[in-house]
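Chain by chain, the residues run as shown.
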Amino acid sequence: MSPRDSLPAPGGPGLEPRWTSSAKSGVGTAFDGRSLVWFTVSHGILDEVYYPRVDQANTRDFGLLITDAGAPDQEPFFSEEKRDTGSVVHLLAPGVPGYRLINSCTRGRYQIEKTIVTDPERDVIVQRVRFRPLVGTLESYRVFALLAPHIGNQGFGNDAWCDEYKGIPMMFAQRADVALAIACDCDWRARSCGYVGVSDGWRLLRNQRRLVEYTEARNGNVALTGEVDLSVAARTVGDDRIAEFVLALGFGSGPAEAAQRARMTLASKFDAIAETYVREWQGYHERTLGPEPPSESCDPDDMRITAEHDLATDADGVTHNETTAGSGDPRDRTPVDLPTSVIDLYYTSAAVLACHEDKRAIGALIASLSIPWGQSKGDHELGGYHLVWPRDLVESAGALMAAGHCNLARRTLRYLMSTQEADGQWPQNMWLDGRAYWRGVQMDETAFPILFAELLRREDELKDLDPWPMVRKAAAFVVRHGPVTQQDRWEEDGGYSPFTLAVEIASLIVAADFADAAGESDTATVLRETADAWNDNVERWTYVTGTEFARLAGVDGYYTRIAPPESADATAGVDSLPAGYVSIRNRPAGSDRTRYENLVSPDALALVRLGLRDANDERIVNTVRVIDALLCRGTKTGPVWYRYNNDGYGEHEDGAPFDGVGVGRGWPLLAGERAHYELARGRPHAAVHLLGVMRAQTSDGGMLPEQVWDAGDLPHHELFNGRPSGSAMPLVWAHAEYVKLVRSLRDGVVFDMPDRPYDRYVRNKVQARHAIWSAANKARVMRAGRTLRVQVDRPALVHWTADGWSTKHDTIARELRLLGVWVADLETSALPAGAAVEFTLYYPEEQRWENVNYRVALMTDTA
């Protein structure tokens, strides 16, 4: 490094930092594992760039500023690329996450063409830029690169400075052990570092039409600005005189390493770098299982095409399921031919999945390379969505399997093995190294990895992996702590969730098979008995009848979204609310609770997806009618479904970003889940239609959003009916659902439906022999004809009676070592409905009684 005369920027530490829009046009990284850089694209420019891990963002955005040349006779002109151009996005090849952006000045003054890739051989993101004047000559303009470092997921605490590397002028930023360097192949005409909102280049050029060359801005929210020497970058193309230059953003553990990498990239021809980048991704797609890929990328406008369908709709596009459904086994269907209009997004989605995997913590996929409503979020949003959620991870890895990339999916199973907690669960979400970020307990996130291991086993893709130790610990946690969940899959409410119950029960049936294979038949028996007992109660816990919603829909009842546990102390974290009430998160005070029967969700469709109920079960069909009446809304791109009625997770009615309260919007993911239900019900054309709806709701670069705007257009907020909202985009889970839906349609069967639960509960209609009381689920009612199993976490004696203590019995609990529980089976199967079992517990090792009597009443078997 060579010193320069120092001119520190004034105004530190700058304005409070903010992230940027989550409305991504694209995401990308080199397929080559040597390049530890990931990038996002939005509004025609680079946004967050991640290094050296996929969970660590280091920039806010990186775009261009255009001004007049400063001649006395020139009219002042200032234009910011991301705000003052319209952008058109092109993929470099079908399914390849490299981009050619055409950004046209909204005032008709210039056009910018950018090609963006990462260097497959090193930690550098590289852009070739072509600046074309449309009014005036090249000499009439000045072009500046503007970068906002947010190193290590933080806007504050960054150092920025201007310097040279071996005689090459560059701009640098660093925080802790991550540094970046920006280099240009035609050098910089001027450079400046400043504090955002006070002395940054944007403010200087906007207000003063000149760049003050501050040399450093330390410990703040900083920005780097460099003027490109257009005289060096000038080229003649046909009759036009344009500027062409290459920008390299290099990363390293120190400034010299970052600079050396950037310089080495600039020493290569850009076309050679881009060709290698594209070729490696095309090699990935050669191994992608699926329909024949399109020969070239589709025009962005074609993203609005949807397939013909047979869903009956009203004027708003709301489905009512009036077409006759199929019958029989949902696993025996005829493959469906897909329209070519939906195939391009399949390959884009397969690439999006791979782009979200880390290259060191292989097998770990984050939820999204974005921060929902990032423009309103600061340093306190440390994780954004660039964290690992076990649920999203399993869904994504399952989609990789559906796309034929089972080797990548096996890496995810190894990752899950390495991050499982000692007690068998996984964190609610976590950094790549397994450290918990949020600390809620979601039972489905512990059960899902079991189903994932089964999917690999079913496809004969476990190879050298033995998942039984992981499966055993996870199943044991589910047995000990289920069926009540502290949080549902939407990370909000605790209680009995139909979705969570479906995942738990299916996972225990699957785990029992693993136990049998490991020679642990006693454990397998208890796992099946537990699953049967819980399955026996799904309707009692979550199916409600005779409500206002049921009357309005013309049905007897439906599955509710979440139901309170039988005992108020069933699990920590369940709100203390009046009996029968549940909370509604993200709602203003006064509208943040309701009766549990008044909450409806598509979550109950998981009972079909995971094989616990037939798709044509009257209770499921009834629930679908209520779902469509309450949660479905038509948009310009097709129907959307809400997570549940009165959801508050979304923009405000006026389009303002979600800030803890808001209005929930429709999720394309839920259209995919509904499509899988339609396929299971024997309505493949309805499923194909919904596949087209999902495709129509992508961004201009083919990114599927978390949510879709469902109200009138609000151009000021960039919100348009049927188009992505400001929530996370891309949502990897949604892309995973799209990939699995394509596979399911091509196979004519739901890809990830496990066989064993369907055989047990739908085909063979196995009934429970036990009812289970446990500390996690203190049952107060049981069906007559069942044996009452008392489950505890230590050696115990159950002192009990079935006749009001006229006669007394003592039953010693037996240990189930592999599950970490003790169980006592009380002989209650002969007791009639109306009887009651009372019991208390004695702990011999502690020589103490619990001093609490518990009562379980018997009801009729059909109740």
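For the structure itself, consult the block above.
Residues numbered from 1 in each chain as written. Predicted model: local features only at pLDDT ≥ 70, side-chain atom pairs only at ≥ 80, totals over all residues. Heavy atoms only, no water.

## Thoughts on the overall build of the chain
Point 1. Within the chain, the secondary structure is distributed over 20 helices and 34 strands.
Point 2. By the compact-globule yardstick of 29 Å for 863 residues, the chain fits well, its C-alpha radius of gyration being 29 Å.
Point 3. Referenced to the eigenvectors of the C-alpha coordinate spread, the extents of the chain come out at roughly 105 × 60 × 55 Å.
Point 4. Residues counted as buried form 64% of the 863 residues belonging to the chain. (Helix = DSSP H or I, 4+ residues; strand = E, 2+ residues; numbered from the N terminus. Rg over C-alpha atoms; globule rule 2.2 N^0.38 Å. Buried < 20%, exposed > 50% of the residue type's maximum accessible area, 1.4 Å probe, protein only.)

## Looking at the packing of aromatic side chains
Point 1. Going through the model one piece at a time under the given rule, you end up with 28 aromatic pairs.
Point 2. Seen from their ring centres, phenylalanine 448 and phenylalanine 499 are 6.0 Å apart, and the 50° between their planes marks the pair as tilted. On the criterion of sequence distance, the pair formed by phenylalanine 448 in helix α9 (residues 443–458) and phenylalanine 499 in helix α11 (residues 498–517) is long-range, its members being 51 residues apart.
Point 3. Taking the relative accessible area as the measure of exposure, phenylalanine 499 reaches 6% and is therefore buried. (Phe/Tyr/Trp six-rings, centres within 6.5 Å; stacked < 30°, edge-to-face > 60°.)

## Topic: the side chain of threonine 542
Point 1. Inspection of the secondary structure puts threonine 542 in helix α13 (residues 538–542).
Point 2. Using a relative accessible area of 0% as the deciding quantity, one classes threonine 542 as buried.
Point 3. Separated by 2.7 Å, the side chain of threonine 542 and the backbone oxygen of valine 538 make a polar contact.
Point 4. Apart from the residues lying within four places of it in its own chain, the contact partners of threonine 542 are Tyr496, Pro498, Leu501, Tyr558, Tyr559 and Thr560. (Polar contact = N/O pair within 3.5 Å; in protein donor to acceptor, adjacent residues only side chain to side chain. Contact = heavy atoms within 4.5 Å.)

## Quick word on the packing of helix α10 (residues 468–481) against helix α12 (residues 521–535)
Point 1. Close contact between α10 and α12 brings their axes to 11 Å; oriented N to C, the two are set at 40°. Relative to α12, the element α10 is oriented oblique. Seen from above, α10 lies across α12 with left-handed handedness. Along its contact with α10, which presents Trp468, Ala475, Val478 and Val479, the element α12 presents Thr523, Leu527 and Trp534.
Point 2. When the residues that make up the contact of α10 with α12 are grouped by side-chain class, the tally is six nonpolar, one polar and no charged. (Axes fitted to C-alpha atoms, helices over the stretch in contact; angles between N-to-C directions. Parallel < 35°, antiparallel > 145°, perpendicular 65-115°, else oblique. Left-handed = near helix turned anticlockwise from the far one by under 90°. Nonpolar A, V, L, I, M, F, W, Y, C, P; charged D, E, K, R; others polar.)

## Notes on helix α7 (residues 390–402)
Point 1. End to end, α7 covers 18 Å across 13 residues, agreeing with the expected 18 Å (1.5 Å per residue, within 8%).
Point 2. By the criterion of burial, α7 is predominantly enclosed, with 13 of the 13 residues buried.
Point 3. Glycine 404 sits one or two residues past α7 and shows a positive phi near 90°. (Expected span 1.5 Å × (residues − 1).)

## Considering the pairing of strand β12 (residues 168–175)
Point 1. Most of β12 sits inside the fold, with six of its eight residues counted as buried.
Point 2. Linking strand β11 (residues 158–165) to β12, which pair antiparallel, is a turn of two residues; within it lysine 166 sits at a positive phi near 50°.
Point 3. Hairpin connection of β12 to strand β13 (residues 178–184): two residues between the antiparallel strands, including alanine 176 at a positive phi of 55°. (Pairing = 2+ DSSP bridges.)

## What to know about the sheet that holds strand β27 (residues 787–792)
Point 1. Taking strand neighbours across the sheet as the criterion, the four strands line up as β25-β27-β31-β30 in an open arrangement whose pairing is mixed. The open sheet terminates on both sides in strands that have one partner only, identified here as β25 (770–774) and β30 (814–816). Between one strand and the next, the sheet's axes are offset by a mean angle of 30°, whatever the strand orientation.
Point 2. Taken strand by strand, α12 contacts β25, β27 and β30, and its axis lies near 90° from that of β25.

## What about the packing of α7 against α9?
Point 1. Look at α7 against α9: their axes get within 8 Å of each other, and the N-to-C directions meet at 15°. When the interaxial angle is binned, α7 and α9 end up roughly parallel. Seen along the crossing, α7 lies across α9 with a hand that is left-handed. For the pair α7 and α9, the contacting residues are Pro390, Arg391, Val394, Glu395, Ala397, Gly398 and Met401 in the first and Asp444, Glu445, Phe448, Pro449, Phe452, Leu455 and Leu456 in the second.

## Considerations on unusual backbone geometry
Point 1. In this structure, the amide linkage connecting glycine 12 to the following residue, proline 13, adopts the cis form with an omega of 5°.
Point 2. Note on placement: proline 13 falls in the segment before β1 (26–29).
Point 3. That bond from methionine 729 to proline 730 is cis: its omega, 0°, falls within 30 degrees of zero.
Point 4. Structurally, proline 730 is set in the loop between α18 (684–696) and α19 (732–747).
Point 5. Unlike most non-glycine residues, lysine 463 shows phi in positive territory, near 55°.
Point 6. Within the secondary structure layout, lysine 463 lies in the loop between α9 and α10.
Point 7. Lysine 463 gets classed as exposed once you look at its relative accessible area, which sits at 57%.
Point 8. Even without being a glycine, lysine 765 presents a positive backbone phi close to 50°.
Point 9. Mapped onto the secondary structure, lysine 765 falls in the loop between α20 (755–763) and β25.

## A few points about the side chain of glutamate 445
Point 1. Relative to the assigned elements, glutamate 445 resides in helix α9.
Point 2. At a separation of 3.1 Å, a polar atom in the side chain of glutamate 445 contacts the main-chain amide nitrogen of arginine 391.
Point 3. The contact partners of glutamate 445, leaving out residues within four places of it in the chain, are Trp389, Pro390, Arg391, Trp426, Pro427 and Gln428.

## What about the pattern of salt bridges?
Charged atoms that come close allow side chains of opposite charge to pair.
Point 1. According to the stated counting rule, one finds 67 salt bridges in the structure shown.
Point 2. Residues arginine 756 and aspartate 513 are paired through a salt bridge, measuring 2.6 Å at the closest nitrogen-oxygen approach. A residue pair is termed long-range when its members are at least 10 positions apart, and arginine 756 in helix α20 and aspartate 513 in helix α11 qualify at 243 residues.
Point 3. A residue is classified by how much of its surface remains accessible, and arginine 756, at 40% relative accessible area, is partly exposed.
Point 4. For aspartate 513, a relative accessible area of 19% gives the class buried. (Salt bridge = Lys/Arg side-chain N within 4 Å of Asp/Glu carboxyl O.)

## Let's talk about helix α2 (residues 201–208)
Residues that lie three or four places apart on an α-helix share one face, since the helix turns once every 3.6 residues.
Point 1. When α2 is considered as a whole, its buried residues turn out to be Gly201, Leu204 and Leu205. Taken around the axis of α2, the buried residues stretch over an arc of 90°, which confines them to a single face.
Point 2. Those residues of α2 that are buried lie in contact with β4 (59–68), β5 (78–80), β10 (141–149), β14 (188–195) and β16 (222–228).
Point 3. N-capping of α2 is provided by aspartate 200, with a side-chain oxygen placed 3.0 Å from the backbone N of tryptophan 202. (Arc of directions from axis to C-beta.)

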